[in-house]
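# Summary of the model geometry
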Amino acid sequence: MDVEEAHPAATGSNLFRHSNEGTTMDPSSTANQPRVIPLDDDKHGCCTKRVIGLLLITLIVIGAVIGVSLGLTLGKNANESSSASSSTLTTADYELRYNTFRSLLASAEGDSSGFVKMDSPQSQALEWLVYKDKIVEMDSDSKMTETSDFKLVQRYAVIVLLFALSGSNWQQDTLETPFSKLDECKFEGITCRSQGEITRLEWPLKELVGALPDEIALLTALETLDLSSNDIEGVIPERLFELTELRSLILESNRFTSTISPDFNKLSRLEELSLSVNYFSGSFPESIGAMTLLKRLELTNNRFTGTIFDTLLKLTNLEIMDLGASGFTGTFPDSIDQLSSLHTLSLSNVEFAGTLPGTIANLTNLESFTLFSPTLTGTFPSMIGQLTNLEGLMIQNTHISGTIPSEIGKLTKLTKIVIQATDMTGTFPTEMGRLTRLIDALFDINSFSGHVPTEIVNLKSLRELNIYQNDFTGDIEFVCQMPELGYFFSCGVTCDCCFKTCEDCAKVNGVAPEGCSTTTSAGNGTRAL
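All chains use their own residue numbering, which begins from 1 and follows the written sequence. Where totals are concerned, whole chains, interfaces and linings use all residues; where local detail is concerned, this predicted model gives features only for residues with pLDDT of at least 70, and gives and counts side-chain atom pairs only at 80 or more. Computation of side-chain values covers all heavy atoms of the structure but excludes hydrogens and water.

### Remarks on the overall build of the chain
Note on conventions: DSSP H or I runs of at least 4 residues are helices, E runs of at least 2 residues are strands, and numbering of each starts at the N terminus. Of the regular secondary structure elements, the chain holds 9 helices and 29 strands. Here the term buried applies to any residue with accessible area under 20% of the maximum for its type, exposed to any over 50%, and partly exposed to those in between, with areas from a 1.4 Å probe on protein chains only. Across the 529 residues that make up the chain, the buried fraction comes to 41%. Contacts between residues were defined by any pair of non-hydrogen atoms, one from each residue, lying within 4.5 Å. If you take every contact in the chain between residues at least 6 apart in sequence, the share linking residues at least 24 apart comes to 49%. Carbon together with sulfur atoms contributes 51% to the accessible area of the chain, which is approximately 26,800 Å² in total. Accessibility throughout is a Shrake-Rupley quantity obtained with a 1.4 Å probe, and a residue counts as covered only by protein chains that appear here.

### Observations concerning the state of the cysteines
When two cysteine sulfur atoms are found within 2.5 Å, that pair is recorded as a disulfide. Counted by the stated rule, this structure contains 1 disulfide. A sulfur-sulfur distance of 2.1 Å marks the disulfide that ties C185 to C192. Looking along the S-S bond of the C185-C192 disulfide, the torsion reads about -95°, which is the left-handed sense.

### Looking at the environment of L387
Mapped onto the fold, L387 is located in the loop between β16 (368–372) and β17 (392–396). As a C-alpha pair, L387 and L411 span 24 residues in sequence and 6.8 Å in three-dimensional space. Dropping the residues within four chain positions of it, L387 is found in contact with I360, A361, L363, T364 and L411.

### Observations concerning the sheet that holds strand β7 (residues 255–256)
Two strands qualify as a pair provided DSSP detects at least 2 bridges between them. The sheet built from 3 strands is open, its strands ordered β3-β5-β7 with parallel pairing. Because the sheet does not close on itself, it has two edges, and the strands there are β3 (209–211) and β7. Relative to strand β5 (residues 231–234), β3 runs parallel, the two being bridged by 3 bridges. Bridge pairing in β5 links V209 to D231.

### What to know about the side chain of S228
With respect to the element layout, S228 can be found in the loop between β4 (224–226) and β5. In this structure S228 touches W203, P204, L205, I250, E252, S253 and N254, once residues within four positions along its chain are discounted.

### Overview of unusual backbone geometry
Backbone geometry at N301 places phi at a positive 50°, although glycine is not the residue there. Residue position: N301 is located in the loop between β10 (296–298) and β11 (303–304). The residue A421 is not glycine, and still its phi comes out positive at about 60°. Mapping A421 onto the fold places it in the loop between β19 (416–420) and β20 (423–426).

### What to know about the environment of T364
Tracing the backbone shows T364 in the loop between β15 (351–353) and β16. With relative accessibility at 36%, the residue T364 sits in the partly exposed group. Residues T364 and T388, spaced 24 residues apart in sequence, show a C-alpha to C-alpha distance of 6.9 Å.

### Considering helix α3 (residues 91–109)
In a regular helix each residue adds 1.5 Å, so 19 residues correspond to 27 Å; α3 covers 26 Å between its end C-alpha atoms and thus fits that length. Of the positions making up α3, those classed as buried are R97, Y98, T100, F101, L104, L105, A106 and E109. Looking one or two places after α3, you find G110, whose phi comes out positive at around 100°. Between the first and last residue of a helix there are one fewer steps than residues, each counted as 1.5 Å, and that sum is the expected span.

### Quick look at the packing of aromatic side chains
Any two rings among Phe, Tyr and Trp, with Trp reduced to its six-membered ring, count as a pair given centres within 6.5 Å; such a pair is stacked if its planes are under 30 degrees apart, edge-to-face if over 60, and tilted if neither. Within this structure, the stated rule accounts for 15 aromatic pairs. Centre to centre, the rings of F284 and F304 are 5.9 Å apart; their planes meet at 85°, and the pair counts as edge-to-face. Of this pair, F284 sits in the loop between β9 (281–282) and β10 while F304 is found in strand β11, placing the two residues 20 residues apart along the sequence. Residue classification places F304 among the buried residues on the basis of a relative accessible area of 2%.

### Overview of the sheet that holds β20
Strand order in the open sheet formed by 4 strands is β18-β20-β22-β24, and the pairing between neighbours is parallel. Only two strands of the sheet have a single partner each, and these edge strands are β18 (401–402) and β24 (471–472). Of the pairings in the sheet, the one linking β20 to strand β22 (residues 447–450) comprises 2 bridges and is parallel in character. Looking across to β22, one finds that T425 is bridged to S447.

### Let's talk about the pairing of β16
When strand β14 (residues 344–348) meets β16, the two strands line up parallel, connected through 5 bridges. By the bridge assignment for β16, S348 is matched with F372. Across 5 bridges, β16 lies against β17 in parallel orientation. Across the sheet, F372 pairs through a bridge with Q396, a residue of β17.

### Comments concerning the pattern of salt bridges
Side-chain pairing between opposite charges can occur once the charged atoms of the two side chains come close. Each salt bridge in this description consists of a side-chain nitrogen of Lys or Arg and a carboxyl oxygen of Asp or Glu lying within 4 Å of one another. Counting across every chain of the model gives 17 salt bridges. Ionic pairing is found between E109 and R239, a salt bridge with its closest N-O pair at 3.7 Å. Placement of E109 in helix α3 and of R239 in the loop between β5 and β6 (248–250) is noted, with a sequence separation of 130 residues between them. Pair check on accessibility: E109 and R239 agree, each one buried. For E184, the salt bridge identified is with K151, shortest N-O distance 3.2 Å. Here E184 is found in the loop between α7 (177–180) and β1 (190–192), whereas its partner K151 is found in helix α5 (residues 146–164), with 33 residues between them in sequence. For E184, a relative accessible area of 0% puts it in the buried group. Taken together, the shared-partner salt bridges in this structure form one network comprising D133, K151, R155, D183 and E184.

### Observations regarding the pairing of strand β2 (residues 198–202)
The sheet contact formed by β1 and β2 spans 3 bridges and is antiparallel. Counted as the bridge partner of I190 is L201 from β2. Two successive antiparallel strands, β1 and β2, enclose a turn made up of 5 residues, where G196 displays a positive phi of approximately 95°. Where β2 lies against β4, 3 bridges are found, and the strand directions are parallel. Across the sheet, residue L201 finds its bridge partner in β4, namely L225.

### Considerations on the nonpolar core
One broad trend across soluble globular proteins is that nonpolar side chains are buried collectively. Here, nonpolar core means buried Ala, Val, Leu, Ile, Met, Phe, Trp, Tyr and Cys residues that are tied together by side-chain atoms lying within 4.5 Å of each other. Counting residues in hydrophobic clusters, the biggest one holds 123 residues, and the most contacted among them are W203, L240, L249, F264 and F443. If you tally residues by element for this core, the top one is α5, at 10 residues. Apart from the residues within four sequence positions on either side, F264 is in contact with I236, F241, L249, L273, L275, I288 and M291.

As structure tokens, this is what we get:
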């Protein structure tokens, strides 16, 4: 059988052609016969078509993907180009923007005099808004919308404040370019209500320098203004009293000067007023007595003159009153108990005349009472036991006399008691052993005498006991059971657990000094003899 007969399907399709055409093959030798694989012509055609079809579909999909991606890229580039083109302002655009802003702001200010000087905070703020700001924009007709009007005025007021109170790194950083794209409600220390109006401006400890500008009055919704612990100088601008929504005004620790304006009473909703540590002078206006919602009044370390209590006694909602080193004089009023809401009364370094009235014991909400007045006399209030909410009692450098009453044992919330440099005498009542929350007890430089009651050992929280320069006698061995206690006492008392005695002091110094006070240590506490 020849090859063609054995493989009829191979005729007309030589799938394997021998590479050496000059070689003669012996048809009778199977070893020399090429291997011929039979194929079905119909199946072969079908497969080929399927492969071609799949290739076409794949090419179509790839083309579509490329087309979509190219379209998106072109569209994005076109949009960016369009956006860049639309955000580019011409000189005419900036001139229109400047004139529009200036006109609107001058209307809000009431005049345009602030824009006359090019280096004024007002001019600097206007230029910042025109050339750097990205928040306030004009509409397609080159007009300001009502929302933009409000936003422009409020934003302008904040920027003027920043330029006026210059000098700190924080202030300079806030005016940098990134902040031009940031809503002023997101500036540090600023809080807004949901409608976008600023209600709280709190910039304490920012090293701000300069004078407070009138533009503060443009923040008409302001409820809290805290500029404490900066270096702001000059007078409080009269326009500040237009902020009738103010509840809290904290200007302490600055360099404000001049007198207190009688227009303060326009801030009729004010609840907190702190003007401490400034250079205010003159008398305190009686009109402030009409600010009956005041709860906190702090006027320490100023240069005021005249009396104040006739005005203060009208502020019956006061909870905190601090007049330390304020400069006020006058007589301490018997009717101090009219201020029945007081829980903090501080009269440190004041020169009030008269006597400490017993009515002080009627201030039953009092938690802290400080009195430091070398001109005040009188006796220690015998009804002190009524002040059961008292946590701190400090009476120093006064001519208050009398004894510590046994009722002091009722002040079980006391953590600190200081009776220092007074004319008080007598012994310590044993009821002092009930003051179990006491941490500091300072009774130095008085004329107390007798034995220190052993009930003191019950005061497990006590960390300091100072009875130096008094006339106590006897031993205070109980301190040896209180190793955490630091104490100071005079020669009249003894203590076996102490390293030195007054006799030792005499041996070292040759003479026992009055109130021998060599400091040593024993256990975990400081022992001063």
